[in-house]
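Structural overview
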Amino acid sequence: MERREFETLVGKALDGIPDELYNFLDNVDVVVEDWPTPTQLVVSDIEDGEYLLGLYEGIPLTARHEYGNVLPDKITIFQRSIEEVCDSKDEIIEQVRDTVVHEVAHHFGIDDERLHELGVA
Ligand SMILES: [Zn+2]
């Protein structure tokens, strides 16, 4: 898939987030990369043989005390990883949506364990 088309999917996934949540996004960039860097793989704690589809890096809203003069949070969506685990365009669309929601949840301070409990991990 062309990068531009993939980025459009990411944009649509962000548009799909309800306004009540979307309006609370604060100082966060969403970017697309092909694959995670070795460092990103290490910090993400991903298991061997699994693909890292997205990564949230930053200071969650719930942890922002005396917040200021810092780089924006960053959500990275890994295009090639997502394409690798999907067999069709429909699957890619769905996986992009799930991954964007998952990483946005981290921005809001919801951790993987809680996401798993909520059934969205
Ligand atoms: Zn996560």
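See the structure shown above.
Residues numbered from 1 in each chain as written. Predicted model: local features only at pLDDT ≥ 70, side-chain atom pairs only at ≥ 80, totals over all residues. Heavy atoms only, no water.

Here's the deal with the coordination of the zinc ion
- Coordination sphere of the zinc ion, protein contribution only: H102 (NE2), H106 (NE2) and D112 (OD), at 2.0 to 2.1 Å.
- On the primary sequence, the residues serving as donors to the zinc ion are separated as H-x3-H-x5-D. Taken as a pair, H102 and H106 lie in helix α5 (residues 89-107) at a separation of four residues, close to a single helical turn. Each member of the pair, H102 as well as H106, carries the same accessibility label: buried. (Donors = N, O, S within 2.8 Å, 3.2 Å for Na, K, Ca; no water. Helix = DSSP H or I, 4+ residues; strand = E, 2+ residues; numbered from the N terminus. Buried < 20%, exposed > 50% of the residue type's maximum accessible area, 1.4 Å probe, protein only.)

A short note on the nonpolar core
- Counting residues in each nonpolar core, the largest one holds 19 residues, and the members touching the most others are F6, V10, I82, V96 and V100.
- At the level of elements, α1 (3-15), β1 (28-33), β3 (73-78) and α5 are the ones that each hand at least two residues to this core.
- In terms of residues, this core owes the most to one element, α1, which gives five residues.
- Excluding anything up to four places from it in sequence, I82 contacts F6, L53, I77, I92, Q95, V96 and T99. (Core = buried A, V, L, I, M, F, W, Y, C linked by side-chain atoms within 4.5 Å. Contact = heavy atoms within 4.5 Å.)

Section: the sheet that holds strand β2 (residues 54-57)
- Strand order in this open sheet of three strands is β1-β3-β2, and the pairing throughout is mixed. Every other strand in the sheet has two partners, leaving β1 and β2 as the edge strands with one partner each. The mean inter-strand angle of the sheet, taken between neighbouring strand axes irrespective of direction, is 15°.
- With six bridges connecting them, β1 and β3 associate as parallel partners. Bridging across to β3, V31 finds its partner in T76.
- Against the sheet, α1 makes contact with β1 and β3, and its axis sits at roughly 145° relative to β1, the strand it touches most.
- Running over the sheet, α5 touches β1, β2 and β3 and is turned about 15° from β2. (Pairing = 2+ DSSP bridges. Axes fitted to C-alpha atoms, helices over the stretch in contact; angles between N-to-C directions.)

Quick word on the packing of aromatic side chains
- Per the counting criterion, the structure on display carries one aromatic pair.
- Positioned above the aromatic ring of Y67 is the side chain of R64, whose terminal nitrogen or guanidinium carbon lies 4.0 Å from the ring centre. (Phe/Tyr/Trp six-rings, centres within 6.5 Å; stacked < 30°, edge-to-face > 60°. Lys NZ or Arg CZ within 6 Å of the ring centre and 35° of its normal.)

Focus: the side chain of E103
- Looking at the element boundaries, E103 is found in helix α5.
- Buried E103, no salt bridge; nearest opposite-charge side chain is K74, N-O distance 12 Å.
- Non-local contacts of E103, meaning those with residues more than four positions away in its chain, are made with G54, L55, Y56 and I75. (Lys, Arg positive; Asp, Glu negative; His and termini not counted. Salt bridge = Lys/Arg side-chain N within 4 Å of Asp/Glu carboxyl O.)

Re the side chain of T76
- Tracing the backbone shows T76 in strand β3.
- In this structure T76 comes out as buried when scored by relative accessible area, which is 0%.
- Contacts of T76, omitting those with residues within four sequence positions, involve V31, E33, Q40, L53, G54, L55 and E57.

Considerations on the packing of α1 against α5
- Taken N-terminus to C-terminus, the directions of α1 and α5 make an angle of 50°; their axes are 9 Å apart at the nearest point. In terms of orientation, α1 and α5 fall into the oblique class. In the crossing of α1 with α5, the sense of the turn from one axis to the other is right-handed. Counting all contacts with α1, which are made through E5, F6, L9, V10, A13 and L14, the residues of α5 involved are K89, I92, I93, V96, R97, V100 and V104.
- Its residues assigned to classes, the contact of α1 with α5 shows ten nonpolar, no polar and three charged. (Parallel < 35°, antiparallel > 145°, perpendicular 65-115°, else oblique. Left-handed = near helix turned anticlockwise from the far one by under 90°. Nonpolar A, V, L, I, M, F, W, Y, C, P; charged D, E, K, R; others polar.)

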